[in-house]
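# A closer look at the structure
Spelled out, the chains give:
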Amino acid sequence: MSGFKAFLLRGNLVELAVAFVIGVAFASVVESFTKLLTDTVGQLFGAEQVGAVVVGGVDLAPFLNAVIAFGLLATVVYFGIVLPFTKARERFFPSKDEPGPTEVELLTEIRDALAKK
């Protein structure tokens with residue numbers, strides 16, 4: 001039971017739950033923005049609805065709207081969350097990993113140590 005308690009309180013689960021809830025809420029914002037954008041484009045071209053794309057009897061408008069929404073969502077998430085988070089992490093928590101010696105340097109050290117014997 002203590003392992004389950006540690007799993008729940010570890011923090012990753014809470015962060016994941018918060019990210020999921022925020023993602024669902026943000027997806028609805030992007031979906032409504034996409035509808036607003038497509039309606040505005042339709043008004044600019046004198047159409048009541050942009051979603052009248054029918055090819056071979058198949059309505060492609062829902063798919064096109066989903067592609068536009070996904071593109072907008074991916075762009076906002078990358079430039080609004082991923083990029084600033086990466087830059088902040090590099091600034092406030094710099095990587096302590098220093099590059100170690102190369103294989104050639106290690107082999108040279110071994111050769112020199114063996115030569116000294």
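## Notes on the overall build of the chain
Tallying secondary structure elements over the chain gives 4 helices and 2 strands in all. Counting from the amino terminus, the chain carries its helices and strands in the arrangement α-α-β-β-α-α. Buried residues in the chain amount to 6% of all 117 residues. With the model as given, the accessible surface of the chain reaches about 10300 Å², and the carbon-plus-sulfur share is 69%.

## Topic: a nonpolar patch on the surface
Together, Phe-33, Leu-36, Leu-37, Val-41 and Ile-68 make up a nonpolar patch on the protein surface, roughly 400 Å² of accessible area in all. Broken down by element, the nonpolar patch gets its largest block of residues, 4 residues, from helix H2 (residues 12-44). Locating Val-41 in the fold gives a position in helix H2. Under the relative-accessibility criterion, Val-41 is labelled partly exposed at 33%.

## Some words on the confidence of the model for the chain
The pLDDT averaged across the chain works out to 78; a share of 83% of its residues lies at or above 70. Between the elements of the chain, mean pLDDT differs from a low of 69, seen in strand E1 (residues 54-55), to a high of 92, seen in helix H4 (residues 103-116).

## Here's the deal with H4
Here H4 contains 14 residues, and its C-alpha end-to-end distance of 20 Å stays within 8% of the 20 Å for a straight helix at 1.5 Å per residue. Of all 14 residues in H4, 0 are buried; the element is thus mostly exposed.

## Focus: the packing of aromatic side chains
Enumeration over the complete set of coordinates arrives at 1 aromatic pair. Both rings, one in Tyr-78 and one in Phe-79, keep their centres 5.0 Å apart while their planes meet at 85°; by these two values the pair is edge-to-face.

## Some points on the pattern of salt bridges
Here the structure, examined in full by the defined rule, presents 1 salt bridge. The partner of Arg-111 in a salt bridge is Asp-112, and the shortest N-O contact between them spans 3.2 Å. Judged by its relative accessible area of 52%, Arg-111 is exposed. The exposure class of Asp-112 is partly exposed, given its relative accessible area of 35%.

What counts, and at which threshold
Residues numbered from 1 in each chain as written. Predicted model: local features only at pLDDT ≥ 70, side-chain atom pairs only at ≥ 80, totals over all residues. Heavy atoms only, no water. Helix = DSSP H or I, 4+ residues; strand = E, 2+ residues; numbered from the N terminus. Buried < 20%, exposed > 50% of the residue type's maximum accessible area, 1.4 Å probe, protein only. Areas by Shrake-Rupley, 256 points an atom, 1.4 Å probe, with all protein chains shown as cover. Patch = residues over 30% accessible without salt bridge, like charges linked within 9 Å, V, L, I, M, F, W, Y side chains within 5 Å. Salt bridge = Lys/Arg side-chain N within 4 Å of Asp/Glu carboxyl O. pLDDT = per-residue confidence, 0-100. Expected span 1.5 Å × (residues − 1). Phe/Tyr/Trp six-rings, centres within 6.5 Å; stacked < 30°, edge-to-face > 60°.

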